[in-house]
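What follows is each chain in one-letter form.
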Amino acid sequence: MAVALVNGQEVTYTDTDPDGAGDEDVIIWSHGFLTDHSMFDPQVDAFEGWRSVAWDERGFGGTAATEPFTYWDSADDAVALLDHLGIDRAVFAGMSQGGYLSLRAALAHPDRVRALVLIDTQSGADDPAVLDGYRGMLTHWMSDEPLDPVADIVAGLILGRDDLAAHWIAIWHERRAQMTEFAGNALLDRDDITDRLSEIDAPALVVHGDADVAISIDHGRALAGALSNSTLAVIEAGTHASNLTHPDEVNAAIAAFLDGLS
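Residues numbered from 1 in each chain as written. Predicted model: local features only at pLDDT ≥ 70, side-chain atom pairs only at ≥ 80, totals over all residues. Heavy atoms only, no water.

Novice: So what's going on with a negative patch on the surface? Residues and values would help.
Specialist: Taken together, D210, E236, D248 and E249 make up a surface patch of like negative charges. Tracing the sequence through the fold places E249 in helix α10 (residues 247–259). Using a relative accessible area of 41% as the deciding quantity, one classes E249 as partly exposed. (Patch = residues over 30% accessible without salt bridge, like charges linked within 9 Å, V, L, I, M, F, W, Y side chains within 5 Å. Areas by Shrake-Rupley, 256 points an atom, 1.4 Å probe, with all protein chains shown as cover. Salt bridge = Lys/Arg side-chain N within 4 Å of Asp/Glu carboxyl O. Lys, Arg positive; Asp, Glu negative; His and termini not counted. Charge placed at Lys NZ, Arg CZ, Asp CG, Glu CD. Helix = DSSP H or I, 4+ residues; strand = E, 2+ residues; numbered from the N terminus. Buried < 20%, exposed > 50% of the residue type's maximum accessible area, 1.4 Å probe, protein only.)

Novice: Summarise the nonpolar core; cite the residues concerned and give the values.
Specialist: By size, the foremost hydrophobic cluster in this structure holds 57 residues, and its most contacted members are W29, F33, W172, I254 and L258. Among the elements that line this core, the one with the most residues is helix α6 (residues 162–175), at 6 residues. Contact partners of I254, with chain neighbours within four places excluded, come to W29, Q43, F47, V117, I119 and L205. V53, L85, L103 and I193 belong to the second-largest nonpolar core, a separate cluster that totals 35 residues. (Core = buried A, V, L, I, M, F, W, Y, C linked by side-chain atoms within 4.5 Å. Contact = heavy atoms within 4.5 Å.)

Novice: How would you sum up the environment of A222? Please name residues and give values.
Specialist: Within the secondary structure, A222 is located in helix α8 (residues 217–226). Given a relative accessible area of 48%, A222 falls into the partly exposed group. For A222 and L232, which are 10 residues apart along the polypeptide, the C-alpha to C-alpha distance reads 10.0 Å.

Novice: Give me helix α2 (residues 71–85): which residues, what numbers.
Specialist: With 15 residues, α2 extends 21 Å from end C-alpha to end C-alpha; this agrees with the ideal 21 Å at 1.5 Å per step. Regarding α2, the residues found buried are Y71, S74, A75, D77, A78, V79, A80, L81, L82 and L85. Residue T70 occupies the N-cap position of α2, its side-chain oxygen lying 3.2 Å from the main-chain nitrogen of W72. Where α2 ends, the next residue or the one after it, G86, has phi of about 70°, a positive value. (Expected span 1.5 Å × (residues − 1). Polar contact = N/O pair within 3.5 Å; in protein donor to acceptor, adjacent residues only side chain to side chain.)

Novice: Tell me about the pairing of strand β7 (residues 204–209), and please be specific about residues and values.
Specialist: Across the 6 residues that make up β7, a large majority, 6, are buried. With 4 bridges connecting them, strand β6 (residues 113–119) and β7 associate as parallel partners. Each bridged residue has a counterpart across the sheet, and for V117 the counterpart in β7 is L205. Crossover connection from β7 via α8 to parallel strand β8 (residues 230–235): handedness right-handed. (Pairing = 2+ DSSP bridges. Right-handed = clockwise from strand over helix to strand, strands pointing away.)

Novice: Would you mind going over the environment of S228 in detail, with residue names and values included?
Specialist: Here S228 lies in the loop between α8 and β8. For S228, a relative accessible area of 53% gives the class exposed. Remark: the alpha-carbon pair of S228 and L197, spanning 31 residues in sequence, is separated by 8.0 Å. Setting aside residues up to four positions removed in sequence, S228 forms contacts with I200 and D201.

Novice: Please give an account of empty space enclosed by the protein that cites residues and values.
Specialist: Gaps left between atoms show up when a probe the size of a water molecule is rolled over them. The final tally for this structure, using the stated rule, is 2 cavities of 30 Å³ or more. Here the largest cavity defines a volume of roughly 310 Å³. Looking at the largest cavity, it is lined by 21 residues, and the ones nearest its centre are F33, Y134, L157, I158 and L187. When contributions to the lining of the largest cavity are tallied by element, the ones reaching two or more residues are α4 (128–141), α5 (148–158) and α7 (181–188). Per-element tally for the lining of the largest cavity: the top contributor is α4, with 4 residues. Across the lining of the largest cavity, the residue classes break down as 15 nonpolar, 4 polar and 2 charged. For the second largest cavity, the calculated volume is near 90 Å³. Every residue lining the second largest cavity is listed: L34, T35, G59, F60, G61, W141, W172, R175, R176, Q178 and M179. Here the residues of the lining of the second largest cavity are counted per class, giving 5 nonpolar, 4 polar and 2 charged. (1 Å grid on protein atoms, 1.4 Å probe; cavity = no way out; pocket = protein on both sides within 12 Å on 5 of 7 lines; lining within 4 Å. Points joined across faces, edges and corners; volume = space filled by probe spheres on them. Nonpolar A, V, L, I, M, F, W, Y, C, P; charged D, E, K, R; others polar.)

Given below as structure tokens:
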């Protein structure tokens, strides 16, 4: 793992071509909540013809969250990481939380976003009933109570597959002390940017699992419909982390989209 000092944060990341030029084909992969850059290993491995930058966002992996932040700040982090690497533009690919920041990057830094790949994400905020449940889970996560009951629920929401769940639950136990209110508040207090989606001109691929119980397929359809230049790929039986549960189908959709970029 490499480390870059960007926006006052020590951000950890991987780069498949650290000596590459700034104008080549680049994808920056932004992971979902409670995961890290490694959730995109199936994608990074599949797109060898592209320079892939996969990074740990604030509060996850090797990147600490030391102060309050928003997903607008995370978008700035991603762009600052591109600056650090001498990359002019990139395809911003993000899952869930990574999609939140990628959409904001397209709004705040449109000249840096070549295209968007938005996996099981949305533009809006969660409704109050969902927020109450999530706040309870995060409060439990940061307490001294046993983690397993909540971890099992979260793994079901994100993954829905026992083999993948066991892998991430083990990581969550190891990193439990890393979780801070800053990362949780960024998720739960995010703003609704739905009314600004028409400002985004970048080509977008919306990938959504039809078995996603964390963000329903209806949100994916609405996101694709509100973006002016978008394609929707529905992943049959795909869960919230469809790029992990159905990597072949997701990679095929991404490959077709990337092939169509000028």
